[in-house]
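Below, each chain spelled out in residue letters.
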Amino acid sequence: MTDQSDLLHVVSYNIRKAMGTDRRRDPHRILTILRETAPDIAILQEADLRLGQRPTALPRDAIEDAGFVPAALAENTVSLGWHGNAILIRPDWPVLSIDRIVLPGLEPRGAVAAVVDSSFGPLRIVGLHLGLLRRSRLGQQHAVLDWMADQVDHPTIIAGDLNEWSARRGLGPLTRKFGLRSPGHSFHARWRLAPLDRIGMSDHFEMDDLDMIDTDLSRMASDHLPLSAKIAMRRRP
């Protein structure tokens, strides 16, 4: 078994603006899940409220108390992320750079990226929330891959709510590059309808363990269950 200290721990979570399945907005439930899970990196979707300047759904001081530092992805002083996508990082891993990737489609969508100076070396983390239409999702995947082709070849983790209900179709472009994985039907948190949430990685890595965080609290905190991945650096010959 791989030593846990040799594993990168990543959580991907559509937090639904901290609105729970009981119709109560409670950011502290989200932060309790993240604090207890203690990932190195948390990739969030729907992290900001929808209206106005889109203020964060998670109080910044409470994020810090939970043991994370947000990547500086917001374009204003009140949001946590960009197009609702946010990345939280353990405080001893500095962020070296950030990027915002405009995605095509009928709905306003975007992806975010951060290069992190981790104990494994520089890592690129990409978070995204794809559109509701498959044709839009295909174009958005190609936009991410086109952007990636112009970047330094860092080991890369990509994750988010990809809004694809099929387990076999619709995510071919990203799957061919990153081997997207799902542990099962993470949406809806109570009724398990579809594997909307996925985590992928470049060939620098191999998956050690991938699961959903399925507890009484997580079934109430959002309509998606968070994914938890333990990832090892691949040994090179």
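For the structure given in this document, a descriptive report is provided here. If you're wondering where the values come from, they're calculated on a predicted model, not measured in any experiment.

## Concerning the packing of aromatic side chains
Taken as a whole and assessed by the stated rule, the structure comprises two aromatic pairs. Ring geometry for Trp93 against Phe120: centres 6.2 Å apart, planes inclined by 90°, an arrangement best described as edge-to-face. With Trp93 in the loop between strand 4 (86–89) and strand 5 (95–103) and Phe120 in the loop between strand 6 (109–118) and strand 7 (121–129), this residue pair connects regions lying 27 residues apart in the sequence.

## Looking at the pairing of strand 11 (residues 227–233)
Within a regular strand, the side chains alternate between the two sheet faces. Of all seven residues that make up strand 11, five are buried, and the element is covered over most of its length. Relative to strand 11, strand 1 (residues 7–14) runs antiparallel, the two being bridged by six bridges. Counterpart to Val10 in the pairing with strand 11 is Ala229. In terms of strand pairing, strand 10 (residues 205–212) meets strand 11 through seven bridges, oriented antiparallel. When the sheet's bridge partners are listed, Asp209 is paired in strand 11 with Lys230.

## Structural notes on the environment of Arg109
Checked against the element boundaries, Arg109 lands in strand 6. Judged by relative accessible area, Arg109 falls into the buried class, the value being 13%. Sequence spacing of Arg109 and Val126 is 17 residues, and the spatial spacing of their C-alpha atoms is 14 Å. Sequence-distant contacts of Arg109, that is, excluding residues within four places in its chain, are made with His83, Val102, Leu103, His129, Leu130, Gly131, Leu132, Gln140 and Asn163. In terms of polar contacts, Arg109 uses its side chain to reach the side chain of Glu107, at 2.7 Å.

## Some remarks on the pattern of salt bridges
All told, the structure shown has 15 salt bridges when counted by the stated rule. One network of salt bridges, in which partners are shared, links Asp22, Arg24, Asp26 and Arg29.

## Here's the deal with the layout of surface pockets
As a volume, the largest pocket reaches approximately 430 Å³. Forming the boundary of the largest pocket are 22 residues, of which Lys17, Glu46, Arg50, Arg109 and His129 lie nearest the centre. Each residue belonging to the lining of the largest pocket can be placed in one class, and the counts come to five nonpolar, eight polar and nine charged. Taken as a whole, the second largest pocket spans an internal volume of roughly 170 Å³. In terms of lining residues, the second largest pocket is bounded by 13 residues, among which Met148, Asp153, His154, Lys177 and Ser202 are the most central. Broken down by secondary-structure element, the contributors of at least two residues to the lining of the second largest pocket are helix 3 (134–149) and helix 4 (172–178).

## A short note on the sheet that holds strand 4
Reading across from one edge, 3-4-2-1-11-10 is the order of the six strands in this open sheet, with mixed pairing throughout. Both edges of this open sheet fall to strand 3 (69–70) and strand 10, since each of them pairs with a single strand only. Bridge count between strand 1 and strand 2 (residues 41–45): five bridges; the pairing is parallel. Residue pairing for strand 2: Asn14 is matched across the bridge by Gln45. Contacts from helix 1 (residues 27–37) reach strand 1, strand 2, strand 4 and strand 11, with the element oriented near 165° to strand 1.

## Examining the nonpolar core
General note: in soluble globular proteins, nonpolar side chains tend to be found buried as a group. Residues Leu8, Ile41, Ile87, Ile125, Ile157, Ile199 and Ile231 are the most contacted members of the largest nonpolar core, which totals 28 residues. For this core, the leading source of residues is strand 10, giving four residues. In this view, Ile41 contacts Leu8, His9, Val10, Val11, Ile87, Leu88, Ile89, Trp93 and Ile125; residues no more than four positions away in its chain are not counted.

## Focus on a nonpolar patch on the surface
A cluster of nonpolar side chains, contributed by Leu106, Leu132 and Leu133, occupies part of the molecular surface with about 350 Å² of accessible area. The class of Leu106 is exposed, set by a relative accessible area of 74%.

Conventions we followed
Residues numbered from 1 in each chain as written. Predicted model: local features only at pLDDT ≥ 70, side-chain atom pairs only at ≥ 80, totals over all residues. Heavy atoms only, no water. Phe/Tyr/Trp six-rings, centres within 6.5 Å; stacked < 30°, edge-to-face > 60°. Helix = DSSP H or I, 4+ residues; strand = E, 2+ residues; numbered from the N terminus. Buried < 20%, exposed > 50% of the residue type's maximum accessible area, 1.4 Å probe, protein only. Pairing = 2+ DSSP bridges. Contact = heavy atoms within 4.5 Å. Polar contact = N/O pair within 3.5 Å; in protein donor to acceptor, adjacent residues only side chain to side chain. Salt bridge = Lys/Arg side-chain N within 4 Å of Asp/Glu carboxyl O. 1 Å grid on protein atoms, 1.4 Å probe; cavity = no way out; pocket = protein on both sides within 12 Å on 5 of 7 lines; lining within 4 Å. Points joined across faces, edges and corners; volume = space filled by probe spheres on them. Nonpolar A, V, L, I, M, F, W, Y, C, P; charged D, E, K, R; others polar. Axes fitted to C-alpha atoms, helices over the stretch in contact; angles between N-to-C directions. Core = buried A, V, L, I, M, F, W, Y, C linked by side-chain atoms within 4.5 Å. Patch = residues over 30% accessible without salt bridge, like charges linked within 9 Å, V, L, I, M, F, W, Y side chains within 5 Å. Areas by Shrake-Rupley, 256 points an atom, 1.4 Å probe, with all protein chains shown as cover.

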